[in-house]
There are 4 protein chains.
Amino acid sequence: MFFASDNGGPVHPQVMQALAEANAGYAMPYGKDALMDEVRSRLRDVFEAPEAAVYLVATGTGANVLALATLAQPFQRIYCAPTAHIEHDECNAPEFYTGGGKLHLVGDSHKMTPDALRAAMAGTPTDVHAAQRGPVSITQVTEMGGVYCLDHLRALTGVAQEFGQTVHLDGARFANAMVSLGCTAAEMTWKSGVDAVSFGGTKNGLMGVEAVIFFDPAVAWEFELRRKRGAHLFSKHRYLSAQMAGYLRDDLWVTMARQANASCARLVDGLRAAGGEIVAEPEANLVFARLPRHLHQRLRGAGAVYYLNGPEEGDPDEMVQARFVCDWSIGENGLDDFLTFLNG
Amino acid sequence: MFFASDNGGPVHPQVMQALAEANAGYAMPYGKDALMDEVRSRLRDVFEAPEAAVYLVATGTGANVLALATLAQPFQRIYCAPTAHIEHDECNAPEFYTGGGKLHLVGDSHKMTPDALRAAMAGTPTDVHAAQRGPVSITQVTEMGGVYCLDHLRALTGVAQEFGQTVHLDGARFANAMVSLGCTAAEMTWKSGVDAVSFGGTKNGLMGVEAVIFFDPAVAWEFELRRKRGAHLFSKHRYLSAQMAGYLRDDLWVTMARQANASCARLVDGLRAAGGEIVAEPEANLVFARLPRHLHQRLRGAGAVYYLNGPEEGDPDEMVQARFVCDWSIGENGLDDFLTFLNG
Amino acid sequence: MFFASDNGGPVHPQVMQALAEANAGYAMPYGKDALMDEVRSRLRDVFEAPEAAVYLVATGTGANVLALATLAQPFQRIYCAPTAHIEHDECNAPEFYTGGGKLHLVGDSHKMTPDALRAAMAGTPTDVHAAQRGPVSITQVTEMGGVYCLDHLRALTGVAQEFGQTVHLDGARFANAMVSLGCTAAEMTWKSGVDAVSFGGTKNGLMGVEAVIFFDPAVAWEFELRRKRGAHLFSKHRYLSAQMAGYLRDDLWVTMARQANASCARLVDGLRAAGGEIVAEPEANLVFARLPRHLHQRLRGAGAVYYLNGPEEGDPDEMVQARFVCDWSIGENGLDDFLTFLNG
Amino acid sequence: MFFASDNGGPVHPQVMQALAEANAGYAMPYGKDALMDEVRSRLRDVFEAPEAAVYLVATGTGANVLALATLAQPFQRIYCAPTAHIEHDECNAPEFYTGGGKLHLVGDSHKMTPDALRAAMAGTPTDVHAAQRGPVSITQVTEMGGVYCLDHLRALTGVAQEFGQTVHLDGARFANAMVSLGCTAAEMTWKSGVDAVSFGGTKNGLMGVEAVIFFDPAVAWEFELRRKRGAHLFSKHRYLSAQMAGYLRDDLWVTMARQANASCARLVDGLRAAGGEIVAEPEANLVFARLPRHLHQRLRGAGAVYYLNGPEEGDPDEMVQARFVCDWSIGENGLDDFLTFLNG
C-alpha cells in the first residue's frame, strides 16, 4: 500500500530482462553502445522526429537542468508555474546549471494560463538592469496531478514564441500525461510548439533513466558537453540504454502509464466513496485528497504509505490533506487492499 | 579481447543478483532505503570508521567533483598530478562544481612527489590576488597505472597538513590499488591522512555506483545538499545501494580487483614476451606499452580493442604506444585469446 | 529639474576636493593606502563598532552581491521584499555571485512584515530537495521610498535569528533612512540585529563608492577574496578612499541626506498642492505620485526629467504614475523651478 | 622613488580637469551620458573601427574577465602565457566569470610562441571528456615587460584562426606597447587579428577606467548584460567617461605612455651602469633586474619602493631580483633622485 510516490515501486520485469541481456560481454562506453542506437531510433520514431537529438541521463532533475542550461543564458529568467518541480524540489540545481539564472513564477495556479504567462513575459523589463526573458518550462503532468490539454499547451508555446523564447517540457510523468490526453508524443511536444523534453522513465518503471530530446539538433553538442561537465555522462552507458530500450519495446512505457492512471482512477473513486474530497481534478496518476483525520489514522495504522500535509495528531474529524501517487505496479500490489481498508 | 577500459565489461553476476533481489516491492526513495543502511554499515566496517559519512553517486566524475566542491572554496586551487582525471577527463566539471576553482598541476610526473607538492604549495602566493591554497587530490591508481605506496601517500598528506589543507583520494580504481599494496582500506585512506575518498565501483564490476566517504562527518549535510543541487541524488536509490551491497558482500570487490590485477600481470608478461616495451611500471590493472606497429595491426585485425596513441598507419616497424586495461572479467573472456595472438 | 534618480546629480565639492588632495604623489595600491586607514577608522566610529570589517567597492550592486555571497551558500535562499533591488535591478548578479542561490520574495509589500517573513522562513522545507534557509536582505530606504522604523527592523532581524540566519541591510540610501529616523548608524544596524551593511555613497553625492561593513570580522578575509575574484578590488584604491573620507568628514554625508530629504518633503507638498496623489507615504528622498497626464506633459515640456510608469500619450485627464527622486543638490538646482512650474 | 607599480602614481591633471568639468549639473546614468558618446566616437577613431562596440569598466581584471566570459563557453579553455595576469593575479575571476572555464598555460615563456600555441591547441582533445578549445588571450605588454611585435601577434592570431577561435588582447599597458612598437591601435589589434581588447587606462594615468572593445558588435548586448550581472555597470557613468575622454583628448594617453617608456629606458641604463643585470629585454615601462643585495639595501634605505623577489636580508654580494615599473609621472617625480642614488 505504497502511494508515497511513483519512485518507490519496482522496475518492470521486461526492463530487468533487458538489463540482464545487456550484461553480456563488452561494450563501448559513454553512449557509443549499440543499444543507444536502438534507443535513439526508437525515440525518434516515437516522436516522429528523425533529426531529433536524443540523450539519456539518470535523474529527472538532471534532465531538467541540463535541458534548461542549454536553452537559457545566465542573465535570463525561466518562466514556470509556482508549483514547478524546478522551483521546489531541485535545491537550486536550475540556478546552478544555468550559471545563475532566475526562475520566474507565473501566476498562482499549478497550470500556467496563457494570460498569466503573457503578463509575466510582457512585464519583464528589457533594459540591462533586469534579468532578461528566457525559456518557458511547462510541467506535464503538473505537480498537482493536472494535465495540460493540447490547446492549452499550444496557447502557452504561442506566447513563448510571441516573445521569441523556447519551451521546455518537464515530462517526468510524460507517459501518464500522454495516455491521459490520448494523443501522440509528437502532438504533445513539437507539434504543440515544444523545443526540448525531459522524457521521464524513472517514475514509470525504470531504475533511473530519463531521455532529453531536442527537436532542433543544433544544440546537441553543447548539450553533450554540459552533460559531461555536470558529471551526468555514464561510462557504462549501455545500462541506461538497456533500460530505455526495454521501456520502449512493445510500448511497455504506454502500458505502464495506462496501468498507473487506471489505478489512480480507481483510487479516486475509492477516496470519494470514503468521504474524501478531491483537491484539483486528478488527470493522471496522482491525486491530492482531503480526508477526515480518523480515516487517515486508520489507513496509516494499516500500513499505507503516503504524504500528509499537516500534523498526524489532532481533531479526528478535522479534514487533512494527503497526496497519493500510483505507479504502474500498484494495481497488483496493494491497491485492492487499500481500497478495502478505505471503504471497509 | 576488450582492453579499451575497465568500463566496458559486464557487471558481476552477484551484483545482478543483488539488483534482482532489490527489485521486490516498494522502498523509500532518496537514500532512505534499507539497503543503504547495509551499505553504510559495511563501508564503515571496511574503512574502520564508524563515524564516517557515506554517500552513493552514479559516476566517478560526480564522486570527485562533489567531494572536491565540499572541500574547496571557489577562490582556491586544487593540487593534483598533471595527468589527473579531474584535469583531463572531466570537461571542467571540477571548475563548475567548485564555482570556479582552479586546478594546480604539480610537477611533471603521474605520481606527485612530496617535494613537488611542497614546492607548489609553498610557492602559492597568499595575497588576495592569487587563487588561494586548497585541497590536494591524489589519484590512486594513477592514470598511468601506478600505485602510491603508503609511505608516499603519508608524505603527500603530510605536506597538505603542513599548509592546513585537506586531501581527497580519487579512488576510481581504489580496489585495484589496495590489492596491489596488500593493505587495508583504512591504511590507504584516513590512517595515511586522507580526508575524503571517491571509492570506485563502476570500473570494478558495477553498473554505475561510486561511494563518497568523508571521515569527518561535519561536512555531511553540505555534501548532501551539493549532491542534490548537482542532480546526483537518485530517487530510486535502492538500485545504487543494491549494487554497492552486492559489491561489498563476501569481499567481492576485493576478489574482482585481484582478478583484474592478475590479468594485467599476465598481459604485461605477454606484451614483454612479444617485444613490447612497458612504459611506467604497471602496478595495478592498466598498462601502457610500446609495440611495433605491425604487431599492433595484427592485434587489431584479430579484433582486439584498446587505445592507441598515434596513427594507425605508418612504418610497420615503428614503435607505437597503446593503453591496455583489464577488468575483473577479462581473465575468462578474451585474455587467453589475446595472449595467443600476441605471441603466436 | 532632474528627478530621474539620485544617481544623476553632481559630486559634492568637498568630495572633489578630497580627490584632488589625494592625487598628490604615490600611494600603495589595493587598499593599503593611508586614506583607507582614515576611512576604516571613521566608519568604525560612525558605527560604534571598533572591530568591524570595512571595505570599499564602487557600485551598489557590487556591495550587495559581495555581501550576500559572503553570507549565503549556493544551496540557500535569500529572503527579500518583492520590490527589492536585488530582485529587479541587478540582472541576476545575486544568483551569479552566490553560485546559484535563490531569491525568495516575502509577502506582497515593499516593506517585509515580520509575519510574512516568519511565514516564509517557517514554510521553507528543510529536506534536501528544497533550497535551504539563508540570510535576510532588508532594503532601507525601500524601493518605494519607505523607511523601516527601528522596531520594525528589530522584529525582522528577530525572525531571522529565530531561524539561525543572518541579516544584510541594503543601504544604498542608508543616510536618507538614518536621517529620516533620527537615529544613529549603530542603532539602525547592529543594535537592531543587522550583520552586514551596504553603506551607500554613490546616490548621496559620491562618484561611485559604497562601503561594505561586517560587524563580525570573521568573514573579512573571505570577503576580500570574493571582492578580488569579482574584479571589484581597485588598484588605485586611494581614489575610493578619498571619496569616502570626504563624505565622512564633518558629517557631510548626513548633511547631504538631510538636504535630499528636505527637498523631497518640499516636492511632496508641491505635488499634493498641484493635485497629485502620493502613492505610499514618502519617508526619505523619493516619492511615487499620480498626476493627471496633462500636468505630466506640461512638466516634461518644461524639461523636467523623471520616470513615468505608463504611456506618455493618452487621455489628458487620466492619472499617470511617476517616480521622483531628490538628491543632495536638487534643492539649489532646479527644485524651485520645478515647484514653480508645478503650481504655476 | 616609487617603482612598485604603475598603479601607484597620480592621475594626470588633464584627467582631473575633465572630471571637474563633468561634475556640472545632471546626467543620465548607466552609460547614457553625453561624454560616453564622445568616448565611443574617439575610441572608434583611434581603432579605425566605426562599428566597434565600446564599453567602460573600472578595473583591469573586470575588463579581462568580462571580455573573456563573452568570448568563451564554460566548457572551454582559454589559452594564455604561463605568466599571464589572468592566471596569477585575478584570484580565479576568469574561472568565476566564465562559469568554470579553464586556463590552459601555453609553453614556458612570457611570450607565447606560435609553435607552442599550435601545439597546445592541436593537442587539446576534441572528445566530450576534455575541456574544449576556446579563445586565446595575449598579454601586451607581457608581465615580464616584453612586447609582441606585429608579426608575432599575427602569427598567434593566425593559429587561433586555424582552430576557429577568437583572440583577446589584455592591454592593461596597451599604450606602452603601442608606443614601443610605433604602430597604430588598429595595427596592434584587428589588423593583426585580435577580436576583443582590454584597453587599459588605470596604469597609464587614470583613476580607474578601462575600455573593452569588440570589433564584432554582435556580442555587444551580451557583454552589456554580463557587465551588469557582474556589478560592473556604473550608475554615475559620466565619471568613467570623463576620465577616458580626458585620456583620449590631444593624445594624452600616447604622451603619457611615451613618458613612462622613456623613463624606463633611462632606468634600465642606470641599472646597467650600476652593475644590475637585466632579466628579459625590457620593451615598455617595466623591467626585472638583478642587483647585488647591498645595492638593493642602499636603495631601500633611501626610500625607493619596488618589489623584491626574495629575502631582504642575506649575503650582501648575492644577486637579488627586483621589478621596477615606471608610470607617466615618475620622470618628474623621483627618477632623477633614484638614478643619482643608484650610481652615486
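Residues numbered from 1 in each chain as written. Chains lettered and ligands numbered in written order. Predicted model: local features only at pLDDT ≥ 70, side-chain atom pairs only at ≥ 80, totals over all residues. Heavy atoms only, no water.

Draft legend 1. Seen up close, the overall build of chain A. Check the secondary structure of chain A and you find 13 helices and 11 strands. Taking 20 Å as the expected radius of gyration for a compact globule of 344 residues, we find that chain A reaches 20 Å, a close match to that expectation. Taken over the C-alpha atoms alone, chain A extends approximately 60 × 55 × 30 Å along its principal axes. Across the 344 residues in chain A, those meeting the buried criterion constitute 65%. Looking at chain A alone, contacts between residues at least 24 apart form 75% of all its contacts between residues at least 6 apart. (Helix = DSSP H or I, 4+ residues; strand = E, 2+ residues; numbered from the N terminus. Rg over C-alpha atoms; globule rule 2.2 N^0.38 Å. Buried < 20%, exposed > 50% of the residue type's maximum accessible area, 1.4 Å probe, protein only. Contact = heavy atoms within 4.5 Å.)

Draft legend 2. Representation of the pattern of salt bridges. Inspection of every chain in the model, using the stated rule, returns 68 salt bridges over all chains. D:Arg173 is the partner of D:Asp6 in a salt bridge, and the nearest nitrogen-oxygen pair spans 2.7 Å. Placement of D:Asp6 in the segment before helix 1 (13-22) and of D:Arg173 in the loop between strand 5 (167-171) and helix 8 (174-181) is noted, with a sequence separation of 167 residues between them. There is no split in this pair, since D:Asp6 and D:Arg173 are both buried. Through salt bridges with shared partners, one network takes in A:Glu38, A:Arg42 and A:Arg249. (Salt bridge = Lys/Arg side-chain N within 4 Å of Asp/Glu carboxyl O.)

Draft legend 3. Focus on the interface of chain D and chain A. Taken together, the contact pairs 18 residues of chain D with 18 residues of chain A. Summing the contributions of chain D and of chain A, the shared interface buries around 1,600 Å²; its carbon and sulfur component is 69%. For chain D, the biggest contributors to the area lost against chain A are D:Phe75, D:Val128 and D:His129; these three give 37% of the whole. For the interface between chain D and chain A, the tally reads 0 salt bridges. At the surface where chain D touches chain A, the tally comes to 4 residue pairs in polar contact (both at pLDDT 80 or more). Considered class by class, the residues forming the side of chain D that touches chain A number 7 nonpolar, 5 polar and 6 charged. (Buried area = accessible area lost by both parts, 1.4 Å probe. Polar contact = N/O pair within 3.5 Å; in protein donor to acceptor, adjacent residues only side chain to side chain. Nonpolar A, V, L, I, M, F, W, Y, C, P; charged D, E, K, R; others polar.)

Draft legend 4. Broad picture of the relation of the copies chain B and chain A. Of the transformation placing chain B onto chain A, the axial shift is 0.0 Å and the rotation is 180 degrees, giving an RMSD of 0.0 Å. Such a turn and shift between the copies fits a two-fold axis. If distances are taken from each C-alpha of chain B to the rotation axis, the shortest is found for B:Gly230, at 3.6 Å. Here 100% of the interface residues in chain B have copies in chain A that are interface residues too; the copies meet face to matching face. (Least-squares fit on C-alpha atoms with pLDDT ≥ 70 in both.)

Draft legend 5. Expanded view of helix 12 (residues 293-301) of chain D. All names here are of chain D. Among the residues of helix 12, those classed as buried are Arg-293, Leu-295, His-296 and Leu-299. All buried residues of helix 12 fall inside an arc of 155 degrees around its axis, so they share one side. Elements in contact with the buried residues of helix 12: strand 9 (286-292), strand 10 (307-309), strand 11 (319-325) and helix 13 (335-343). Immediately downstream of helix 12, the backbone of Gly-303 shows phi near 100 degrees, a positive value. (Arc of directions from axis to C-beta.)

Draft legend 6. Broad picture of the side chain of A:His12. Residue and element names in this part refer to chain A. On the secondary structure map, His-12 appears in the segment before helix 1 (13-22). Looking at His-12, the relative accessible area reads 16%, which means it is buried. Once residues lying within four places of it in the same chain are set aside, the contact partners of His-12 are Gly-205, Leu-252, Met-256 and Trp-328.

Draft legend 7. View of the pairing of strand 1 (residues 53-57) of chain B. All names here are of chain B. Where burial is concerned, most of strand 1 is hidden: 5 out of the 5 residues are buried. Along strand 1, one buried face is formed by Ala-53, Tyr-55 and Val-57 and the opposite face, lined by Val-54 and Leu-56, is buried too. Across 5 bridges, the pairing between strand 1 and strand 7 (residues 210-214) is antiparallel. Looking at strand 7, one finds that Leu-56 is bridged to Ala-211. (Pairing = 2+ DSSP bridges.)

Draft legend 8. Spatial organisation of the interface of chain B and chain A. With 50 residues of chain B in contact, the opposing surface of chain A contributes 50 residues. Summed over both partners, the interface of chain B with chain A comes to about 4,200 Å²; 62% of that surface belongs to carbon and sulfur atoms. Its largest share of buried area at the contact with chain A, chain B owes to B:Tyr26, B:Phe96 and B:Lys236, together 20% of the area lost on that side. Along the contact surface separating chain B from chain A lie 0 salt bridges.

Draft legend 9. Up close: the relation of the copies chain D and chain A. Mapping chain D onto chain A calls for a rotation angle of 180 degrees and an axial translation of 0.0 Å; the resulting RMSD is 0.0 Å. A share of 100% of the interface residues of chain D reappears at the interface of chain A, consistent with the copies meeting face to face through the same patch.

Draft legend 10. Region of interest: the nonpolar core. In terms of nonpolar packing, the biggest core is built from 140 residues, with C:Phe199, C:Met244, D:Phe199 and D:Met244 touching the most fellow members. Apart from residues no more than four positions distant in its own chain, C:Phe199 is found in contact with C:Leu43, C:Phe47, C:Gly171, C:Phe174, C:Glu210, C:Ala211, C:Ile213, C:Met244, C:Tyr247, C:Leu248 and C:Trp253. Counting 138 residues, the second largest nonpolar core, distinct from the first, contains A:Val167, A:Ala245, A:Val254 and B:Met178. (Core = buried A, V, L, I, M, F, W, Y, C linked by side-chain atoms within 4.5 Å.)

Draft legend 11. The sheet that holds strand 9 of chain D, seen in detail. All names here are of chain D. Spatially, 4 strands are ordered 8-9-11-10 in an open sheet, and the strand pairing comes out antiparallel. Since the sheet does not close on itself, it has two edges, and those belong to strand 8 (277-279) and strand 10, each with one partner. Here the strands of the sheet are splayed against their neighbours by 35 degrees on average, with no regard to which way each runs. Two strands pair when backbone bridges link them, and strand 9 and strand 11 are joined in this way by 7 bridges, in the antiparallel orientation. Bridging from a neighbouring strand, Leu-291 pairs with Val-320 of strand 11. (Axes fitted to C-alpha atoms, helices over the stretch in contact; angles between N-to-C directions.)

Draft legend 12. Focus on the packing of aromatic side chains. Within this structure, the stated rule accounts for 70 aromatic pairs over all chains. Measuring from ring centre to ring centre gives 5.3 Å for A:Phe214 and A:Phe223, while their planes differ by 65 degrees; the resulting arrangement is edge-to-face. Across this residue pair, the class does not change: A:Phe214 and A:Phe223 are buried. Considering the side-chain rings of D:Tyr55 and D:Phe223, the 5.0 Å spacing of their centres and the 25 degrees angle between planes classify their relative orientation as stacked. Here D:Tyr55 is found in strand 1 (residues 53-57), whereas its partner D:Phe223 is found in helix 9 (residues 220-229), with 168 residues between them in sequence. Look at D:Tyr55 and you get buried, because its relative accessible area is 10%. (Phe/Tyr/Trp six-rings, centres within 6.5 Å; stacked < 30°, edge-to-face > 60°.)

Draft legend 13. How the structure looks around the packing of helix 11 (residues 252-273) of chain B against helix 13 (residues 335-343) of chain B. Residue and element names in this part refer to chain B. For the pair helix 11 and helix 13, interaxial distance at closest approach is 9 Å and the crossing angle is 10 degrees. If you check the angle between helix 11 and helix 13, you find them roughly parallel. Here Ser-263, Arg-266, Leu-267, Gly-270, Leu-271 and Ala-273 of helix 11 lie close against helix 13, whose contacting residues are Leu-335, Asp-336, Phe-338, Leu-339, Leu-342 and Asn-343. Classifying every residue of the contact of helix 11 with helix 13 by side-chain character gives 7 nonpolar, 3 polar and 2 charged. (Parallel < 35°, antiparallel > 145°, perpendicular 65-115°, else oblique.)

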